[in-house]
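A structural walkthrough
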Amino acid sequence: APYPMAPLLSGGQRSPSSTMGSYGDVLPMRGRSRRARGVASVLTSMLTRPMESLGACAAISLFVYALVRFGVGAGDVGGASGVGGPGAAVSTFVPAKIDVAKVQRSCASRTDGAGAVLVTGSAGFVGFHTALALKDRGWGVLGLDNVNDYYPTSLKRARMKELEKVGVHTVEADLNDRGVVRDALDACKFTHILHLAAQAGVRYAVKNPGSYVHSNVAGMVNIMEEIIRTSPMPKVVFASSSSVYGLNTEVPFKESDVTDSPASLYAATKKADELLAHTYNHIHGVAITALRFFTVYGPYGRPDMAYFSFANNIVRGKPITIFKGENDAELARDFTYIDDVVQGVIASLETSEASGKKPDGSKPPFRVYNLGNKHPVTVSDFVTTLEKHMGKKAKREYVPMPKTGDVPFTHADVSRAARDLGYSPRTNLDDGLKKFVDWYKEFCKGAACAGIQSYVPA
């Protein structure tokens, strides 16, 4: 098989290179019942509704890619042969079970009027911080995460340990495990779903495209199919990405911009998620909000991202690689501190209308917001600030930007989020990087994060 089985991780999960899954649980095919018909209706709507046509085609193409590349044929799934070749159609995540008592304790709210939320990707960077903040506000919070080893799981488990301290339980399961998703939705009467789980990273998509289709597209469909079968239907907020702006050249990026030119497979999957969300909103009246995050950084961050990787290399005396665009142009990013992003995420949860169509046929709007900082900074200037707080100079190596899907700049227009959510980023880069470095030095005392510091992003 082109993607061989990988060893099981703790909790029965596998590495992202082996969690392509069996798409029979989430993709339409002959012999499937209402689940298949539901997904088929989504695809039909993509073809018949006057949505952004190129983007819709991109989303459908990803489904077709999953069908063909990973061996989902016309008959049963999971056999040794299929369209994708011998042995391709094998589900490699291990079905999990929930501990109902732990789950119900975790999702019980402590404050009158507070909601109950399922946070997918709770062991991830944004999910972790948002779950902590919601719990602190008295919400009931349950996490769900497959804890894959795209980057060192020790960091994910450190986040999970902090969540357990405040009473947030994380169900270790794959998003495509429909049994677990269903059991969690039945055990807790969630008012909201915060769907942040995804296969992250732009460049890794070149090496392992299947993991992105599995997690970002098939996973999105699976959770939406279970949401529409839940009564009352929860409100949904999910993570899109600034990557959907792709090759746009007009700045700052506005939510109204056409986003039909993705520069990476990761961006294409996030655009597909937005189109799928629009369709579930149109057909079923699900209240859905898409949040386009702009280069989030801060404590407990992702070691595959530049600022964390740079810190690791500075500590170890290794050179850092800084990409340059055409004509040696400096790359720039709208770096956004995690606390500001969390504020925007919670505001989007609190301002969402109820899901469901009204007797007159009206429905809640499908909302899209940029959550950025409004002030792009060149990577060189970013490194200079990082050096100041690390107390050590970096060994800089400037190289041409590889053709793996990175874009030369990002710049968010957040006026819509300011108007509707009261979003107002307050953390400047100097303060934000100081907070990150303070955490980094404490967390990595001694050999506490040797595996994280030696990690090389894919």
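Procedures and definitions
- Residues numbered from 1 in each chain as written.
- Predicted model: local features only at pLDDT ≥ 70, side-chain atom pairs only at ≥ 80, totals over all residues.
- Heavy atoms only, no water.
- Helix = DSSP H or I, 4+ residues; strand = E, 2+ residues; numbered from the N terminus.
- Buried < 20%, exposed > 50% of the residue type's maximum accessible area, 1.4 Å probe, protein only.
- Contact = heavy atoms within 4.5 Å.
- Areas by Shrake-Rupley, 256 points an atom, 1.4 Å probe, with all protein chains shown as cover.
- Salt bridge = Lys/Arg side-chain N within 4 Å of Asp/Glu carboxyl O.
- pLDDT = per-residue confidence, 0-100.
- Pairing = 2+ DSSP bridges.
- Disulfide = S-S within 2.5 Å.
- Expected span 1.5 Å × (residues − 1).
- Axes fitted to C-alpha atoms, helices over the stretch in contact; angles between N-to-C directions.
- Parallel < 35°, antiparallel > 145°, perpendicular 65-115°, else oblique.

Helices and strands together make up the secondary structure of the protein, namely 15 helices and 13 strands. Counting over 458 residues, the protein shows a buried share of 59%. Within the protein, contacts between residues separated by at least 24 positions form 81% of all contacts whose residues are at least 6 apart in sequence. Working note: accessible area of the protein is about 18100 Å², and carbon and sulfur atoms make up 53% of it.

This part covers the pattern of salt bridges. A full pass over the atoms with the stated rule returns 15 salt bridges. In this structure, R137 and E350 form a salt bridge, with 3.4 Å as the shortest nitrogen-oxygen distance. Of this pair, R137 sits in the loop between α4 (125-136) and β2 (140-145) while E350 sits in helix α11 (residues 338-351), and the two are 213 residues apart along the sequence. According to the relative accessible area criterion, R137 is partly exposed, its value standing at 43%.

The next subject is the confidence of the model for the protein. For the protein, the mean per-residue pLDDT works out to 83, and 79% of the residues sit at or above 70. Below pLDDT 50 for its whole length, residues 1-14 participates in 42 contacts with residues either more than four positions away or in separate chains. Low pLDDT (under 50) marks residues 64-91, which in the prediction has 56 contacts with non-local residues, meaning those over four places away or in another chain.

Our next topic: the pairing of strand β11 (residues 367-371). For β11, the buried fraction is high: 5 of the 5 residues fall into the buried class. By the alternation rule, side chains of β11 split into R367, Y369 and L371 and V368 and N370, which are all buried. Of the pairings in the sheet, the one linking strand β6 (residues 288-293) to β11 comprises 5 bridges and is parallel in character. Bridging across to β11, R292 finds its partner in N370.

With respect to the secondary-structure elements, V383 resides in helix α12 (residues 379-390). Residues V383 and Y307 lie 76 residues apart in sequence; the distance between their C-alpha atoms is 7.9 Å. Excluding anything up to four places from it in sequence, V383 contacts F310, I320, I322, A394 and R396.

Below, the discussion takes up the state of the cysteines. By the definition in use, this model includes 2 disulfides. Put simply, C107 and C188 are joined by a disulfide, and their sulfur atoms are 2.0 Å apart. Torsion about the S-S bond of the C107 and C188 cystine: about -90°, corresponding to left-handed handedness. Of the two residues, C107 sits in the loop between α3 (100-106) and β1 (116-120) while C188 sits in the loop between α6 (178-187) and β4 (192-195), which places them 81 residues apart along the sequence. Assigned by exposure class, C107 and C188 land together as buried. Residue C444 pairs covalently with C449 via a disulfide, S to S 1.9 Å. Handedness here is read from the sign of the S-S torsion; for C444 and C449, about 130°, the answer is right-handed. Given the relative accessible area of 10%, C444 is considered buried. For C449, a relative accessible area of 2% gives the class buried.

Each α-helix turn comprises 3.6 residues. Residues three or four places apart therefore point the same way. For helix α5 (residues 153-165), with 13 residues, the first-to-last C-alpha span of 18 Å sits near the 18 Å given by 1.5 Å per residue. Residues of α5 that are buried: L155, K156, A158, R159, M160 and L163. Buried residues belonging to α5 abut α4, β3 (169-172), α10 (306-316), α14 (429-443) and α15 (450-453).

We now examine the packing of helix α8 (residues 209-227) against helix α9 (residues 265-284). Packed helices, taken two at a time, are described by their axes: the angle between them and the distance between them. Relative to each other, α8 and α9 sit at 10°, their axes nearing to 10 Å. Considering the angle they form, α8 stands roughly parallel to α9. Within the contact between the two elements, α8 uses P209, Y212, N216, V217, M220, V221, M224 and E225 and α9 uses L265, Y266, T269, A272, D273, L276, A277 and Y280.

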